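# Coordinate inspection notes
Now for the letters of each chain:
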Amino acid sequence: MPKIYKPGKVAIVLQGRQAGKKVVVIKQLDEGTKERPYPHAIVAGIERYPLKVTKRMGQKKIAKRSKIKPFIKVVNYSHLFPTRYALELEGLKGVVGSETFKEVSQREDSKKQIKKLLEDRYTSGKNKWFFTPLRF
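Residues numbered from 1 in each chain as written. Predicted model: local features only at pLDDT ≥ 70, side-chain atom pairs only at ≥ 80, totals over all residues. Heavy atoms only, no water.

### A look at the nonpolar core
This is how it is decided: Only buried residues count toward a nonpolar core. Its members are Ala, Val, Leu, Ile, Met, Phe, Trp, Tyr and Cys residues joined through side-chain atoms within 4.5 Å. The classification of residues rests on relative accessible area computed with a 1.4 Å probe and restricted to protein chains. Under 20% of the type maximum is buried, over 50% is exposed, and intermediate values are partly exposed. Runs of E in the DSSP output that reach at least two residues are strands. Runs of H or I that reach at least four are helices, and both are numbered from the N terminus. Contact definition: two residues touch when any of their heavy atoms are within 4.5 Å.
Ile46, Val96, Ile114, Leu118 and Phe130 are the most contacted members of the largest nonpolar core, which totals 19 residues. Counting only elements with at least two residues in this core, the list comes to strand S2 (22-29), strand S3 (40-48), strand S4 (69-76), helix H2 (92-95) and helix H3 (104-124). With three residues, S3 is the largest single contributor of residues to this core. Once you skip the residues sitting within four places of it in the chain, valine 96 turns out to touch Ile26, Ile42, Ile72, Phe101, Ser110 and Ile114.

### What to know about the sheet that holds S4
Put simply, the rule is: Should DSSP find at least two bridges between two strands, the strands are taken to pair. An axis is simply a line fitted to the C-alpha atoms; with a helix, the fit covers only the stretch in contact. Between two such axes, the angle follows the N-to-C directions and lies from 0 to 180 degrees.
Spatially, the five strands line up as an open sheet ordered S4-S3-S2-S1-S5, and their pairing is antiparallel. A single partner strand is all that each edge strand has here, and the edge strands are S4 and strand S5 (80-86). Between one strand axis and the next, the sheet turns through 40° on average, direction left out of account. The strands that H3 touches are S3 and S4; relative to S4, the one it contacts most, it runs at about 115°.

### Some points on unusual backbone geometry
A positive phi angle, close to 55°, is found at asparagine 127, a residue other than glycine. Structurally, asparagine 127 is set in the segment after H3. Since its relative accessible area comes to 26%, asparagine 127 is described here as partly exposed.

### Section: H3
Three or four residues apart is the spacing at which side chains of an α-helix point the same way, because the helix has 3.6 residues per turn. This is how the line gets drawn: To estimate how far a helix should reach, multiply one less than its number of residues by 1.5 Å.
Helix length check: H3, at 21 residues, gives a terminal C-alpha distance of 30 Å against a target of 30 Å (1.5 Å per residue), a fit within 8%. Restricting attention to buried positions, one finds in H3 the residues Ser110, Ile114, Leu118, Glu119 and Arg121. Structurally, H3 contributes buried residues whose contacts are with S3, S4 and H2.

### Some points on the layout of surface pockets
The method is simple in principle: a probe with the dimensions of a water molecule rolls over the atoms, and the space it marks as empty is what remains. Operational definition: Every definition here rests on a 1 Å grid over the protein atoms only: cavities are sets of points where a 1.4 Å probe fits but cannot get out, pockets are open sets enclosed by protein on both sides within 12 Å along at least five of seven lines, and lining residues have some atom within 4 Å of a point. Grid points are joined across faces, edges and corners, and a volume is the space filled by probe spheres set on the points. Note on residue categories: nonpolar means Ala, Val, Leu, Ile, Met, Phe, Trp, Tyr, Cys or Pro, charged means Asp, Glu, Lys or Arg, and polar means any other residue, Gly included.
By volume, the largest pocket is sized at about 230 Å³. Pro50, Tyr122, Lys128, Phe131 and Thr132 are the residues nearest the centre of the largest pocket, which is lined by 13 residues in total. Per-class residue counts for the lining of the largest pocket are six nonpolar, five polar and two charged. Computed from the structure, the second largest pocket encloses a volume of approximately 160 Å³.

The following block contains the structure:
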């Protein structure tokens, strides 16, 4: 079977609290691990998407509406839906690992770094599709 979920691949979560949210794969584990004996991926996604911005708005309002709330999660492959899109975020690979989920403070620190990277990508205007919520 070809490897679908490579790092940087954008997918949609199908089950759970973040169902319908877009995520980017950070690390894929096709064989599984001892505590998770099924194929899964470590993903980072957007829990709260940025709001619409118009030309009339001031800088302060634009900055407030451009905020993103991220999440990191370990998701089973059967709960992910791959898309044709990819996101090149070099900074994400070192931020989240398997040991990140053991400590709450590590998880919070990695979320802050992901938030900064995603907001920079959003304000630069790249990958517009990733930063818009799904409509269904």
